[in-house]
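In case you want the letters, here they are:
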Amino acid sequence: MKGFIITVICALAIGEANALISGSGTTTRYWDCCKPSCAWKENVGNLDPVHSCAKDGVTIVAASVSSGCDSDGTAYVCNNLQPWAVNDSFAYGFVAASFTGGADNSQCGICLKLTFTNNLAGKTFVVQNVNTGGDLGSNQFDIQIPGGGVGIFTLGCQTQWNAPPAGWGQQYGGVSSDSECDSLPSELQAGCHWRFGWYENADNPQVNFEQIVCPTELTDRTGIINNNL
């Protein structure tokens, strides 16, 4: 009997350690051009950090390079970490996420299936968490969308792309029409147009979420794999 109890306790402990993250939450949007926080080696432990890029948004730089959102930094978010549609009901993308409220570095690199519950019902968005933020709430997913607003970090897009001081459009919320996407650098326009196409210009839609094994479509772009299932 004692051995049975120990076995049960061990099984429960293993199950708890491998418990999937799931629940309901909200989405917001941003694109501040900053080096993602999960691109810092200090934030990802034994994992490979998320790629960050030089000013061109393409050339991968060392994880030790400071963020372009700092006065002396030259590392930025890579251009390819913007969303794209696979078909009318399925898309891939990248988010800053917090599950507990505030910076949540322990979940850098995990992947999630977001299922929209209101005006985008029927659409599924598979994302990888590449960023964290002290200004995020519990179960909040801040979707990286070019032209989605720079938020609290206004320096990055200025130094990388010579964007206006408050970014393209409003500092919070970004551009307000599909035609305004044409004011962005050509390298970022596809993700901006995605917002007014597949995403239907939804304003912070609600989602149900569940953790999934990361697809290579995402990890090939980020360089980080965190399947802590």
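Criteria and thresholds
Residues numbered from 1 in each chain as written. Predicted model: local features only at pLDDT ≥ 70, side-chain atom pairs only at ≥ 80, totals over all residues. Heavy atoms only, no water. Phe/Tyr/Trp six-rings, centres within 6.5 Å; stacked < 30°, edge-to-face > 60°. Helix = DSSP H or I, 4+ residues; strand = E, 2+ residues; numbered from the N terminus. Buried < 20%, exposed > 50% of the residue type's maximum accessible area, 1.4 Å probe, protein only. Lys NZ or Arg CZ within 6 Å of the ring centre and 35° of its normal.

K.L.:
I would appreciate a short explanation of the packing of aromatic side chains in the present structure.
P.N.:
Within a pair of aromatic rings, the relevant descriptors are the distance that separates the centres and the angle that separates the planes. The tally for this structure, following the rule as stated, stands at 13 aromatic pairs. Taking the centre distance of 6.4 Å and the plane angle of 40 degrees together, the rings of W84 and F94 count as tilted. One end of the pair, W84, is in strand β4 (residues 84–87); the other, F94, is in strand β5 (residues 90–98), and 10 residues separate them in sequence. The buried category is assigned to F94, whose relative accessible area is 0%. Aromatic side chains F99 and F141 sit 5.8 Å apart centroid to centroid with 70 degrees between the ring planes, which places their arrangement in the edge-to-face category. Placement of the pair is F99 in the loop between β5 and β6 (111–116) and F141 in strand β8 (residues 140–144), with a sequence separation of 42 residues. For the cation-ring pair, K35 lies above W40, with the distance from its terminal atom to the ring centre recorded as 3.3 Å. Taking the ring centre of W84 as reference, the NZ or CZ of R221 above it sits at 3.8 Å.

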